[in-house]
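Below, each chain spelled out in residue letters.
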Amino acid sequence: LQQALHSHLDNIPPESRELMGEFGRLYEQQYAVALFNKMRFDIEGGGGPQNQLLHRKVPLKNKSIFSGALFQYLEENKKWRNRFLFIPDSYNINYYENKQAHDRGLHPKGTINCAGYRVLTSMEEYLELLNTSLPGVKAKVGSSPFLKCATQFPLILWHPYACHYYFCVVTEKEQQKWNAVFQDCVRHTNNGLPEECKVQTPTFTDAVRLYRQAHGHYGTWEMMCGTPPQILANLVMETLLPEMRDLITPKLKGKMHEKQRNWMLISDAVYGLVQSQTQAQYEAVVQSCEAGRPPLETTIRTDMDQIITSKEHVTSKIRTLVLPKAEKLLKVSIQPYISSILDALMEPTSRGFFEVRDLFFRELVDMSKNLLNDGNKEKLGEHMEKISMLAFHPVKMQSCYEKVETLSLEGLQQRFDVSSPSVFVQRAQILMREQMDDAVYTFEQLLHQSLEGKEQEDFCKTIQRCQDRVVKKFDYDSSTVRKKFFREALLQIFIPYMLKQLTPSCSELPRFQELIFEDFSRFILVENISEEVVLHTVMKDIMMAVKEAAVQRRHNLYRDSIVLTNSDPNLHLLGENPPIDWAEEYGEGLEELDGENTGDPEVQKRRRMKQVVSMIHIEGNASVLPNESCLEVPAVDNIPEEETEVRSDTSLSQKSEKQVPNGTKEDVNKNAVDDKPPTNRSILKEEESTTERSLQGTENSLETQGKAEPQGTIFFFIARPCTQHLMLTGIFI
């Protein structure tokens, strides 16, 4: 096995270099096109409605998402150990030996980048995915997995290429909370490339799309997620993994569990090596293109009109060839399905946005109720401090996210080569979170302006006035965002299908490159123009379908004739104000750091960092999170191929609890201290205390027991550059 692996690893660099060589050529071609499109857009501008809500520039400044303790399975010693997880604003999961290690600023034991991962909450889901990773290596009915979960509430991070991470908690409520947090980490890291990169992002997405099309892969791609080196590594693995299976699978020896585990270790090692290579090669390609940018910009500024004229001339010639075929395909294979797919997209998406609106409304109503009897600025600041982070609270936002998870394209996925509806689900969820934060931020600015310079105010009336203004603006922006999302999704479904069907009949396209002046050939590509013609063909029908849907009141969409432009200029001036620190301005400010007088500013910043999701923080006590607390599980060699019956985790927990001395339980419970007072619609202190005590009780029981089992006026941009999956960015009509 080792010889086969080393032999195959030697073949990986040439394969990676071959892909990066082809990708580099495509990237250089698309870079000049994207640069021209950006400069043309900057000069000519774009039309369309203006957002009514304000947008926060740095939402999570001095904030973290979540932290807490749970059990993690360690592959090296086959044990479950207590680990402290800290999730900063980057949404990477850092795990430490214990909380004290984090507080002292030590490096984490490891960091998980969740791009491409899937969160599973049962061993059955995990084993089903695991059994599909190695064709021909299947688990027998009733056979046990290669690991035994310490509790009945697992949390597993699964990736098709990288290593898997195993966690578990002791209560169902904690499992739901951590699941919401992990899902948010995956959702954030899958959100695509930076929007501010107006040239690099469309260049990269178009290069990846054209590369996959050249290899026969059209349609959506679930692994278009993460950073560019990760995406390129996924491209390599897409081709490399089947070859690895054919080579290595016959050489895997041992029981089924050993084969699965060894295959995961091999895949992770190869994926890490490929990713390190794509990182260096991608940076070299980008650096080379950026170095050649100044002369390209000079040529574009000097010859902009001539380039546009030349492009229009070539477009008219290509349209004569492509348009009749595209219109025929559209009439037969696309038009009959537009309405049904649009309905499938609109229903769950609209429900999700309605839930966002209701959640925002309910939180403000709860705050008004709490301020009705005991209304003062300190209490107001306390409530607003929590509401300001509502959009980034995974647990509270879960009810909104769940609405859109019912989206199904069953019966249409195979026809239009849609890999999974998750591509659209995650995009809709990100838009929902952005809308929530825009609504909250706008409310913050309006409320702060209303209270400025006033000693005492009827808070409930002020909140009501600001709330009414924000809800009206939210309804308008929600309609605009959803209509744009529907157009993008339909284009993403139909365009690849049409290109795949039309490509064989458009073999004459390369000859049109002769019509382009050599000086302009870098900015005008025949392949891009042909795709624009196809895009323009189907876009008319999509726009009409979305426009007709806006007339239906059940989706609460504004008609296109209702366009608000700069309707509230005074409000938009507030968007330039600095962020509001409600605790500092209306509350009592920052508290002392546990009575300690530390001079390290980094430690102070880390310990003062406010957490979005409330959680009990344990004071520094080494006995609370002991390093020795672990649970050994049987080695793979000792697990029989089939087991008649495995003792349940519930009985194990009951047995362990009996062995914990009463005094130990009482001592542990004294350490449970909540750093924030409970509020409505937040995680209750009593529930968290119970969870923490259960976790600590499990630790102590394990110690005692020892070992146990366990649109635009001139042209139109199709999509924002940050839309990761819609690989039609920068195309003009």
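In case you missed it, the structure is sitting above this.
Position labels on residues start from 1 in each chain and follow its written sequence. In view of the model being predicted, local features appear only for residues whose pLDDT reaches at least 70, and side-chain atom pairs are presented and counted only at 80 or more, with totals across whole chains, interfaces and linings using the full set of residues. Think of the side-chain values as coming from all heavy atoms in the structure, minus any hydrogens and water.

S.K.: Run through unusual backbone geometry, naming residues and quoting values.
M.R.: One non-glycine residue with positive phi stands out, namely K78, at about 55°. Note that K78 resides in the loop between β2 (66-74) and β3 (79-87). You will see that Y91, though not glycine, has its phi angle at about 65°, which is positive. Working definition: helices are DSSP H or I runs of at least four residues, strands are E runs of at least two. Numbering for both runs from the N terminus. Checked against the element boundaries, Y91 lands in the loop between β3 and β4 (93-96). In this structure Y91 comes out as buried when scored by relative accessible area, which is 1%. The cut-offs for exposure are 20% and 50% of the maximum accessible area for each residue type, with area from a 1.4 Å probe on protein chains only; residues under the lower value are buried, those over the upper are exposed, and the others partly exposed.

S.K.: Give me the lowdown on the environment of S368, citing residues and values where you can.
M.R.: Summarising the element assignment, S368 is placed in helix α9 (residues 293-373). The sequence separation of S368 and F459 amounts to 91 residues, and the corresponding C-alpha distance is 7.4 Å. Once residues lying within four places of it in the same chain are set aside, the contact partners of S368 are C460 and I463. Contacts were defined at the residue level, with two residues in contact if any of their heavy atoms lie within 4.5 Å.

S.K.: An account of the packing of aromatic side chains is requested, with residue identities and associated values reported.
M.R.: Whether two aromatic rings pair depends on their centres lying within 6.5 Å, for rings of Phe, Tyr and Trp, where Trp uses its six-membered ring; planes under 30 degrees apart make the pair stacked, over 60 edge-to-face, and the rest tilted. Following the criterion strictly, the structure yields 21 aromatic pairs and no others. With centroids separated by 5.7 Å and ring planes inclined at 55°, the aromatic side chains of F167 and F182 adopt a geometry described as tilted. Here F167 is found in strand β8 (residues 165-169), whereas its partner F182 is found in helix α5 (residues 172-189), with 15 residues between them in sequence. Both residues of the pair, F167 and F182, count as buried. Counting every residue linked through ring pairs, the aromatic cluster contains F23, Y27, Y31, F204 and Y282. Between R187 and the ring centre of Y401, over which it is positioned, the NZ or CZ distance is 3.9 Å. Geometrically, a lysine NZ or arginine CZ counts as sitting over a ring once it is within 6 Å of the ring centre and also within 35 degrees of the ring normal. Over the face of the ring belonging to F512 we find R511, whose NZ or CZ atom lies 4.4 Å from the ring centre.

S.K.: I'd like to hear about the pairing of β4, residue by residue, with values.
M.R.: Neither face of β4 is open: one carries I93 and Y95, the other N94 and Y96, and all of them are buried. Hairpin connection from β3 to β4: five residues lie between these consecutive antiparallel strands, with Y91 at a positive phi of about 65°. Both β4 and strand β5 (residues 110-112) contribute to a ladder of three bridges, which runs antiparallel. Note that in β5 the partner of Y95 across the bridge is G110. For two strands to be treated as a pair, DSSP must find at least two bridges joining them.

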